[in-house]
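Here is what each chain is made of, one letter per residue.
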Amino acid sequence: MTVTGVVRARPSGTNNTKIPTGEVEIGVKTLEVLNMADVLPFPVDDPEVAKNVNEELRLQYRYLDLRRPEMARNLRLRSKVATATRVYFDEQGFLEVETPTLFKSTPEGAREFLVPSRVHPGKFYALPQSPQQFKQILMVGGIEKYFQLARCYRDEDLRADRQPEFTQVDLEMSFIEREDIYLLIEGLLKRVWKTALGMDIPTPFKRISFEEALNRYGIDKPDTRYGMELMDFTEEFRKSTFKVFSGAIAAGGSVKALNAKGMADATQGQIETMPENAKSFGAKGLAYIKVENGEWKSPIVKFFNETEKAALIEKLKIEEGDLILFAADQWLNACEILGKIRIYCADILRTRGKLVIEPSRFDFLWVVDFPLLAFDKEQNRWYSSHHPFTAPVADDIQFLTSDPKKVRGQHYDIVVNGVELGGGSIRIHQPEVQKIVFEQVLQIPPDLVKARFGYMLEAFRYGAPPHGGIALGFDRLIAILCGTPSIRDVIAFPKTAKGADLMTDSPAGVEARQLRDLYLEVKIPKKE
Ligand code: ASP
């Protein structure tokens, strides 16, 4: 509608203090209707009502959803942070370089989206999972400082808050060490937090090793805004008469415990539904102690002697009302089980108001000293804990083939409030080391290495500089700044958890002629 007229104060008594324009009105001279609007499928001007609108409906009518002030605010913040990021990197001497979206299949990590080539029958491009290889090649190309707000594509079975296409703040630099990346990213996040929230975040960020993170928090992206840390009781229970503990230790494992303060009133049902309990103790359930009315209520305390009990009291600071939870398994498993339980208990305590975390609190953390490799029991082979281009710590290169588990990687993750914001590494720049990692450590057959990565190994032969980089998940970053749990709220046109675009109704079928042009035939398995 176009209206011309004179803005004037409302006659007294007709003011509406609930709306920003409630004190003025227009004395209309001309009025033109530019377009008609149907009745909206849901209201867009009342945040309380809009909050309860089904998300599928919002996604189907995304153009209406985007009119909601909350969505407009999110997109504005996204745009401001993108600009601040570009300005920051420009000031630091970086070049924004676009890398191809039509790439080649190099199936190492997540599953890729394939794009059939019409011109080359039977051949395919793949959409990049990240610009990793191109950015490394840019370093060989002498670019020295590259960044990009890059689109990435991963054909994963979608988990709740993942998107098949997403954006990364991606960067790579030559002639650097890990410390250079820490400094650069701390500067970026300082700028971003100031731009988006007007907040000064203190730097440098704390650092924690992978091992310490697992030992204390049971996860490699710890939320350090609350305690409830895991304690180790492997030594104390080595000779225990409680066979679940001493047996696990004899098998090379660990016993860990945590104190969920004030949760002794948890029901049996709640304890049983605690994640992963079945995995840790088979049919035996999760071992626990409830401290109620001065008594330790637990099916297992009868196995504990006084020294063991004293050790528990001392290390876990046990008091009335506490709930102690145990895991006994191989070290990593025991840590991870309790790590999940720690988060689960913290969530319960937060909903009960017993754990209060300031919404304006941001605990940044670098997680460092990751092992370069992890072992896949099912496939009986080593795989990269980050990706195959991550450099081993120089002193550990000698153990690559003789003792792979000993090799530390030059990999780092940046974590805030228990969310992994990004990760990166110093890369291998020597072709012979990269070849050993591909062929001897990761056991990729030499012909496949040549087909997939031959061009990279060749590029590295022409004086590749030492280099490294990192990528931050841009959607996640914006979601954190907007205080929303869902990245769909900060993406203009997101897909559902099943990868569907409900507005355009995609993915969709194509015509037989299109398939013929691509020399493709589709065989859909019949539903049983
Ligand atoms: N390309 C890596 C990723 O997407 C990040 C990096 O190593 O720079 O996780």
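Check the entry above for the structure.
The following paragraphs examine the structure supplied in this document. Predicted model, so just to flag it, every value in this text is computed and none were measured.

A word on the sheet that holds strand β10 (residues 254-260)
- The 5 strands lie next to each other as β9-β10-β13-β11-β12, forming an open sheet whose pairing is antiparallel. The open sheet has two free edges, formed respectively by β9 (231-232) and β12 (295-297), since each of these has just one partner strand.
- Each of β10 and β13 (323-329) touches helix α12 (residues 331-351); the most contacted strand, β13, lies at about 155 degrees to it.

Observations regarding the site of the ligand
- The environment of the ligand is made up of 13 residues, and the closest members are Q132, K135, Q168, H387 and R427.
- Taking S130, its side chain carries an N or O atom lying 3.0 Å from a nitrogen atom of the ligand.
- Between the ligand and the protein, one listed contact pairs an oxygen atom with a side-chain N or O atom of H387 at 2.9 Å.
- Protein chains bury 87% of the 270 Å² of accessible surface belonging to the ligand in isolation.
- At the level of secondary structure, the elements contributing two or more residues to the shell around the ligand comprise α5 (132-140), β18 (419-426) and β19 (467-473).
- Here the shell around the ligand takes 3 residues from β19, the largest share from any one element.
- Across the shell around the ligand, the residue classes tally to 2 nonpolar, 8 polar and 3 charged.

Description of the packing of helix α6 (residues 178-197) against helix α15 (residues 474-482)
- For the pair α6 and α15, interaxial distance at closest approach is 11 Å and the crossing angle is 45 degrees. One finds that α6 runs oblique with respect to α15. Remark: the crossing between α6 and α15 carries right-handed chirality. From α6, L189, V192, W193, A196 and L197 reach across to α15, where they touch L477, I480 and L481.
- A class-by-class count of the residues in the contact of α6 with α15 yields 8 nonpolar, no polar and no charged.

Quick word on the pattern of salt bridges
- Across all of its chains, the model carries 37 salt bridges by this definition.
- Residue E511 pairs with R513 through a salt bridge whose shortest N-O separation is 3.5 Å.
- Among the residues examined, R513 registers a relative accessible area of 46% and is labelled partly exposed.
- The residue D517 makes a salt bridge to R513 at a minimum N-O spacing of 4.0 Å. With a gap of 4 residues between them, D517 and R513 both fall in helix α16 (residues 512-517), about one helical turn apart.
- A single network of salt bridges, built from pairs that share partners, joins R58, R62, D65, R68, E70 and D489.

Some words on the packing of aromatic side chains
- Inspection of the entire model under this criterion finds 25 aromatic pairs.
- Measuring from centroid to centroid gives 5.3 Å for W193 and F362, while their planes differ by 80 degrees, and the two rings are edge-to-face. Placement of W193 in helix α6 and of F362 in the loop between α12 and β14 (364-368) is noted, with a sequence separation of 169 residues between them. As far as the burial class goes, W193 and F362 line up, both buried.
- One aromatic cluster in this structure is built from F233, F237, F242, F245, F303, F304 and F326.
- It is K406 that lies over the ring of F399; its NZ or CZ is 4.2 Å from the centre.

Points about the nonpolar core
- Ranked by internal contacts, the top residues of the largest apolar core, which has 62 residues, are L171, L189 and W193.
- Beyond its immediate stretch of four places on either side in the chain, L189 contacts I201, F205, F364, I414, L421, L472 and L477.
- Ranked by size, the runner-up nonpolar core spans 24 residues in total, among them M263, L325, A327 and C345.

Observations concerning the environment of G468
- Tracing the backbone through its elements, the reader meets G468 in strand β19.
- Counting along the chain gives 411 residues from G468 to L57, while the straight-line C-alpha distance between them is 43 Å.
- For G468, the residues in contact, after removing those within four places along its chain, are E172, M173, I176, I181, Y412, S425, I426 and R427.

As for helix α14 (residues 446-459)
- With 14 residues, α14 extends only 17 Å from end C-alpha to end C-alpha; this falls clearly short of the ideal 20 Å at 1.5 Å per step.
- A bend of about 80 degrees at F453 is the largest found in α14.
- Here α14 has its buried residues at V449, R452, F453, G454, M456, L457 and A459.
- Looking at the buried positions of α14, the neighbouring elements they touch are α5 and α13 (431-441).

Things to note about the environment of E55
- Relative to the assigned elements, E55 resides in helix α2 (residues 55-60).
- Spatially, the C-alpha atoms of E55 and R488 are 9.8 Å apart, while their sequence positions differ by 433 residues.

Concerning helix α7 (residues 210-217)
- Those residues of α7 not exposed but buried are F210, A213, L214 and Y217. Along the axis of α7, the buried residues cluster in a sector spanning 105 degrees; they form a single face.
- The first or second residue beyond α7 is G218, which carries a positive phi of 70 degrees.

Section: the sheet that holds strand β3 (residues 95-96)
- Reading across the sheet, the 8 strands line up as β3-β6-β7-β19-β18-β17-β14-β8 and stay open at both edges, with mixed pairing between neighbours. Two strands bound the open sheet, and with one partner strand each, they are β3 and β8 (206-209).
- Examined bridge by bridge, strand β17 (residues 411-416) and β18 share 6 bridges and lie antiparallel to one another. Across the sheet, the residue bridging to V415 is E420, located in β18.
- Across the sheet, helix α4 (residues 69-91) lies against β3, β6 (145-153) and β7 (165-174), angled at about 150 degrees from β6, the strand it touches most.

What counts and how
- Residues numbered from 1 in each chain as written.
- Predicted model: local features only at pLDDT ≥ 70, side-chain atom pairs only at ≥ 80, totals over all residues.
- Heavy atoms only, no water.
- Pairing = 2+ DSSP bridges.
- Helix = DSSP H or I, 4+ residues; strand = E, 2+ residues; numbered from the N terminus.
- Contact = heavy atoms within 4.5 Å.
- Axes fitted to C-alpha atoms, helices over the stretch in contact; angles between N-to-C directions.
- Near = heavy atom within 4 Å.
- Polar contact = N/O pair within 3.5 Å; in protein donor to acceptor, adjacent residues only side chain to side chain.
- Areas by Shrake-Rupley, 256 points an atom, 1.4 Å probe, with all protein chains shown as cover.
- Nonpolar A, V, L, I, M, F, W, Y, C, P; charged D, E, K, R; others polar.
- Parallel < 35°, antiparallel > 145°, perpendicular 65-115°, else oblique.
- Left-handed = near helix turned anticlockwise from the far one by under 90°.
- Salt bridge = Lys/Arg side-chain N within 4 Å of Asp/Glu carboxyl O.
- Buried < 20%, exposed > 50% of the residue type's maximum accessible area, 1.4 Å probe, protein only.
- Phe/Tyr/Trp six-rings, centres within 6.5 Å; stacked < 30°, edge-to-face > 60°.
- Lys NZ or Arg CZ within 6 Å of the ring centre and 35° of its normal.
- Core = buried A, V, L, I, M, F, W, Y, C linked by side-chain atoms within 4.5 Å.
- Expected span 1.5 Å × (residues − 1).
- Bend = angle between axes of the 7 residues up to and from the residue.
- Arc of directions from axis to C-beta.

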